[in-house]
Amino acid sequence: MDTTPRLEDFPGRSYDKLRYGDTDRQGHVNNAVFATFMETGRVELVYSGEKPLLEQGFSFVLAKIDINYLAEVLWPGTVEIGTRVAKVGNSSVTMEQALFQNGTCRATATSVVVHFDETKRKSHPFSEAQREAMRRWMAATTG
């Protein structure tokens, strides 16, 4: 059974344009840039359209990211980023992501971001409204 994710598995979808400066001496997009692609997907979910997840005085900080590189990404072109919420904790959320180029999954990632009180400089529990908003970003295929 193929467990490679498809873009359709993710309720959050975004894209990034590849820049020549993203490439390395081997001629493919450098592995460090993959973290930036994943950030694009997370940020677009957090600051989503009419109903952003953040309230004044709070932010999200990245606590952990684990990237699995499956295939190279080549310049020029674009990549598509799928993002979904896997788990909502007290003050953290675990997100699953996948990076696609030309319809092929090139990497997957799991990250944990923490809801952060900018005044107290420490984690802060999510409100029930935030939890409900994040639940909408979960997919039936999340396991």
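Look a little higher up for the structure.
As a starting point, this report considers the structure included with it. It should be emphasised that the depicted structure is a prediction, and the values quoted were computed from it without experimental measurement. (Residues numbered from 1 in each chain as written. Predicted model: local features only at pLDDT ≥ 70, side-chain atom pairs only at ≥ 80, totals over all residues. Heavy atoms only, no water.)

Considering the environment of serine 127
Part 1 of the reasoning: Relative to the assigned elements, serine 127 resides in the loop between strand S6 (122–123) and helix H2 (128–135).
Part 2 of the reasoning: Looking at serine 127, the relative accessible area reads 24%, which means it is partly exposed.
Part 3 of the reasoning: A C-alpha to C-alpha distance of 9.9 Å links serine 127 and glutamate 55, two positions 72 residues apart in sequence. (Helix = DSSP H or I, 4+ residues; strand = E, 2+ residues; numbered from the N terminus. Buried < 20%, exposed > 50% of the residue type's maximum accessible area, 1.4 Å probe, protein only.)

As for the environment of valine 85
Part 1 of the reasoning: With respect to the helices, strands and loops of the structure, valine 85 is situated in strand S3 (residues 78–88).
Part 2 of the reasoning: Each C-alpha atom, one on valine 85 and one on glutamine 97, is 8.8 Å from the other, the two residues being twelve residues apart in sequence.

What about the packing of aromatic side chains?
Part 1 of the reasoning: Summed over all chains, the structure comprises four aromatic pairs.
Part 2 of the reasoning: When the centroid spacing of 5.2 Å and the interplanar angle of 75° are considered together, the rings of tyrosine 20 and tryptophan 75 count as edge-to-face. Taken together, the positions of tyrosine 20 in the loop between strand S1 (12–17) and helix H1 (31–46) and tryptophan 75 in the loop between strand S2 (58–69) and S3 put the pair 55 residues apart, joining distant regions of the chain.
Part 3 of the reasoning: Tryptophan 75 sits in the partly exposed class, given a relative accessible area of 39%.
Part 4 of the reasoning: Judged by centre distance (5.1 Å) and plane angle (65°), the ring pair of phenylalanine 34 and tyrosine 69 falls under edge-to-face. Of this pair, phenylalanine 34 sits in helix H1 while tyrosine 69 sits in strand S2, and the two are 35 residues apart along the sequence. (Phe/Tyr/Trp six-rings, centres within 6.5 Å; stacked < 30°, edge-to-face > 60°.)

A closer look at the pattern of salt bridges
Part 1 of the reasoning: The tally for this structure, following the rule as stated, stands at six salt bridges.
Part 2 of the reasoning: Here glutamate 8 makes a salt bridge to arginine 6, at a shortest N to O gap of 3.9 Å.
Part 3 of the reasoning: Note that glutamate 128 and arginine 135 form a salt bridge whose closest N and O atoms lie 3.2 Å from each other.
Part 4 of the reasoning: You can call arginine 135 partly exposed: its relative accessible area is 38%. (Salt bridge = Lys/Arg side-chain N within 4 Å of Asp/Glu carboxyl O.)

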